[in-house]
Amino acid sequence: MTDTTYSHQNEDELLHAYSEHHMNVFGTPLRVLDHGQGSYVWDVEGKKYLDFLAGIAVNSVGYNHPVWAKAVADQAAKIAHTSNYFATVPQISLATKLTELAGAPEGSRVYFGNSGTEGNEAALKLMKLHADARGVGESARILALTHSFHGRTLGALSVTWKPVIREPYNPLLPNVEFVEAGNVDALTEAFERGPVAGIIMELIQGEAGVLPVGADFVKAARALCDEHDALLVIDEVQTGMGRTGHWFAFQDEALSGGVTPDAISFAKGVAGGFPMGGLISFGEKVSSLFTPGSHGSTFAGNPLATAAGMATVSIIEDENLLENARARGQQLRETLAHSENPLFVSVRGAGLLNAVELSHPCAHAVADWALEHGLIVNAVAPNAIRMAPPLSVSEDEVREGCAILMQVPDDLPND
């Protein structure tokens, strides 16, 4: 019988087995990781890395947090999955808590999915139902922004801008238009061309290089949606659950201008490493668009995922991690902004979602160099690296990570 545990293989042998048995959609993994603790991970060869990416903004309370691990273990020993013919206490508790954290008004509702793209699929369906209710379902357009990223399923991909990952799957959803991010005039013109079902946007475009779209643009979008009876959906998949130092980025007036959306999608950090995503709709009118049978998912809101979510929220609250995200983010930006490394042009971001702009397009070379020196970051744009450490990252750990980054050679070759 073939040994499929690979427990005694070295990293090269494991990577070979990976390439033999996995679809080649991610390329060759950088390392084979074994375990983590706090802000650190170790590979199977025993090398330690400070993780300034946190599973791409997922491991919000770090690795192996005892409260999180106990909550997941206890729930797994109790009941891990039921169908959605039944409800469970963790599911009800987390939905209640999320509407409270979002400051959503009475009549607001939560739909649980398993990923960010599923949360955005639900948002797209919500916009279409809204257009149908207005009697313009066949002609109404969905607006998205240039440089946006909302997921890789066919619906979410339809509102994802990057041509290289979208165009191979054409034709996608019809009646989708891209508007230049930050351009109020272009947005106004788009609304004036005919019925709009809604607009979906990130307040900080993470995959574009951690770029805010601008509070004035968001306020203009809210006003145009109100004027034209369209929905404003904010994608909080990467920015939500404390990542920017607020529970959700729209609650930061500097990012949103103080607007209230009609719905927000969420995922990544919500369950501290367990797969979960979803949508929060604001108010009874929007929330009532979904009716029994109009949407669903087998695994959505299962008790194991929602118990992980409740544990994550409680850790963030009990350990004041929103405040920590703001303080450590400011420390990171100030430290790197004062670096004398000529490779660093600027640093931008909010809370613990940040990017360093580089003087030339060598982001992959920088990320590779950092990894070799014990720091995990990623190349989010040709001339920018992204940093999204756990919300629990310490002052000393930020200092350690910045010290590694500031030693990156400024003459690395272009990617």
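Residues numbered from 1 in each chain as written. Predicted model: local features only at pLDDT ≥ 70, side-chain atom pairs only at ≥ 80, totals over all residues. Heavy atoms only, no water.

## Details of the packing of helix α8 (residues 184–192) against helix α9 (residues 215–228)
Rules: Axes here mean lines fitted to C-alpha atoms, for a helix over just the part in contact, with angles spanning 0 to 180 degrees between N-to-C directions. Numbered from the N terminus, helices here are DSSP runs of H or I no shorter than four residues, and strands are runs of E no shorter than two. To sort the angles, those under 35 degrees are grouped as roughly parallel, those over 145 as roughly antiparallel, those from 65 to 115 as roughly perpendicular, and the leftovers as oblique. We call a crossing left-handed when the near helix sits turned anticlockwise from the far one by less than a right angle, and right-handed when that turn is clockwise. By definition in these notes, contact holds between two residues if any of their heavy atoms fall within 4.5 Å. Residue classes follow a fixed rule: Ala, Val, Leu, Ile, Met, Phe, Trp, Tyr, Cys and Pro count as nonpolar, while Asp, Glu, Lys and Arg count as charged, and any other residue, Gly among them, counts as polar.
Where α8 contacts α9, the two axes come as close as 10 Å, and the packing angle between them is 15°. The angle between α8 and α9 places the two elements in the roughly parallel class. The interaxial crossing formed by α8 with α9 has right-handed handedness. For the pair formed by α8 and α9, the contact residues are V184, L187, T188 and F191 on the first element and D216, F217, A220, A221, L224, C225 and H228 on the second. Class assignment of the residues belonging to the contact of α8 with α9 gives a composition of eight nonpolar, two polar and one charged.

## Focus: the sheet that holds strand β12 (residues 277–281)
Stated precisely, the cut-off is as follows: One bridge is not enough; two strands pair if DSSP finds at least two bridges between them.
Strand order across the open sheet formed by seven strands is β4-β12-β11-β10-β7-β5-β6, with mixed pairing between neighbours. Looking at the sheet topology across the chains shown, the edges are occupied by β4 (109–113) and β6 (176–179). With direction set aside, neighbouring strand axes in the sheet form an average angle of 20°. Pairing of strand β10 (residues 231–235) with strand β11 (residues 263–266) involves three bridges; the strand directions are parallel. Residue D235 lies in a different strand from β11, and its bridge partner there is S265. Against the sheet, helix α4 (residues 89–101) touches β4, β11 and β12, its axis set at about 125° to β4.

## Quick look at the sheet that holds strand β15 (residues 375–376)
A sheet is described by the order of its strands in space; here four strands give the open sequence β1-β2-β3-β15, paired in mixed fashion. The sheet is open, and its two edges are formed by β1 (33–37) and β15, each paired on a single side.

## Side note on a nonpolar patch on the surface
Selection rule: Patch criteria: residues need more than 30% relative accessible area and no salt bridge. Like-charged residues are merged within 9 Å; nonpolar side chains of Val, Leu, Ile, Met, Phe, Trp and Tyr are merged within 5 Å. Throughout, the Shrake-Rupley method with a 1.4 Å probe supplies accessible areas, and for residues the shown protein chains are the sole cover considered. The term salt bridge refers to a pairing of a side-chain nitrogen on Lys or Arg with a carboxyl oxygen on Asp or Glu at a separation within 4 Å.
A surface patch of nonpolar side chains, about 440 Å² in accessible area, is lined by M23, V25 and F26. Its place among the elements puts M23 in the loop between α1 (11–21) and β1.

## Remarks on the nonpolar core
One recurring pattern in soluble globular proteins: nonpolar side chains tend to sit buried together. This is how the line gets drawn: Working definition of a nonpolar core: buried Ala, Val, Leu, Ile, Met, Phe, Trp, Tyr and Cys residues. They are joined through side-chain atoms within 4.5 Å. The buried label goes to any residue with under 20% of its type's maximum accessible area, the exposed label to any with over 50%, and the partly exposed label to all in between, with areas taken from a 1.4 Å probe on protein chains only. Residue ranges assigned to each domain were obtained from an automatic or database domain assignment.
Formed by 113 residues in total, the largest nonpolar core has its most connected members in L187, M201, F248 and L358. Here this core takes seven residues from helix α12 (residues 303–318), the largest share from any one element. Counting contributing residues per domain, this core is built from domain 1 (11–64 + 320–406) and domain 2 (69–319), each supplying no fewer than three. Other than its neighbours up to four places away in sequence, M201 contacts L145, H150, F217, V218, A221, L232, V233, I234 and D235. Counting six residues, the second-largest nonpolar core is a separate cluster that includes Y49, L53, L371 and I376.

## A look at the packing of aromatic side chains
Applied cut-off: Pairing of aromatic side chains here covers Phe, Tyr and the six-membered ring of Trp, requires ring centres within 6.5 Å, and sorts the geometry by plane angle: under 30 degrees stacked, over 60 edge-to-face, intermediate tilted. As a reminder, the over-ring test applies to NZ of lysine and CZ of arginine, requiring each to be within 6 Å of the ring centre and within 35 degrees of the ring normal.
One pass over the full model with this rule turns up three aromatic pairs. Between the aromatic rings of F112 and F266, the centroid separation amounts to 6.3 Å while the plane-to-plane angle is 90°, which identifies the pairing as edge-to-face. In this pair, F112 sits in strand β4 while F266 sits in strand β11, placing the two residues 154 residues apart along the sequence. Through pairs of rings, three or more aromatic residues link up here, namely F248, F250 and F282. It is K48 that lies over the ring of Y40; its NZ or CZ is 4.3 Å from the centre.

## Thoughts on helix α3 (residues 66–78)
Condition: Helix span, expected: 1.5 Å multiplied by one less than the number of residues in the helix. The directions from the helix axis to the C-beta atoms are what the arc is built from.
Helix length check: α3, at 13 residues, gives a terminal C-alpha distance of 18 Å against a target of 18 Å (1.5 Å per residue), a fit within 8%. Restricting attention to buried positions, one finds in α3 the residues W68, V72 and Q75. Looking down the long axis of α3, one finds its buried residues gathered within 70° of arc, a one-sided arrangement. Away from its buried face by more than 90 degrees, α3 exposes P66, K70, A77 and K78.

## Points about the UniProt feature "binding site: N(2)-acetyl-L-ornithine" (unreviewed entry) in the chain
Rules: UniProt positions are given in the numbering used here, feature names are shortened, and annotations may be inferred rather than shown by experiment.
Mapped onto this numbering, the UniProt entry gives "binding site: N(2)-acetyl-L-ornithine" (unreviewed entry) at R152 and S297. Residue position: R152 is located in the loop between β5 (141–145) and α6 (154–158). Apart from residues no more than four positions distant in its own chain, R152 is found in contact with T117, L157 and I165. When you line up the elements, S297 lands in the loop between α11 (284–287) and α12. If we skip the residues at most four places from it in the chain, S297 touches N84, Y111, N114 and E118.

## A look at the side chain of S339
Note on placement: S339 falls in the loop between α13 (321–337) and β13 (344–350). The residues contacting S339, other than those within four sequence positions of it, are F344 and M406.

## Examining the domain arrangement of the chain
Definition in use: Here the quantity called buried area is the accessible surface, traced with a 1.4 Å probe, that two parts lose on coming together, added over both. Distance and chemistry together define a polar contact, namely a pair of N or O atoms within 3.5 Å, with one atom able to donate a hydrogen and the other to accept it when in protein, and with adjacent residues in sequence counting only for side-chain atoms on both sides.
As assigned here, the chain comprises domain 1 (11–64 + 320–406) and domain 2 (69–319). The centre of domain 1, based on its C-alpha atoms, is set 25 Å off from the matching centre of domain 2. On the side of domain 2, 28 residues touch domain 1, which itself brings 28 residues to the contact. For the pair domain 1 and domain 2, the two sides together bury roughly 2200 Å², of which 59% comes from carbon and sulfur. With its nearest N and O atoms 2.9 Å apart, the salt bridge here joins R386 to E207. At the junction of domain 1 and domain 2, the tally comes to 15 residue pairs in polar contact (both at pLDDT 80 or more).

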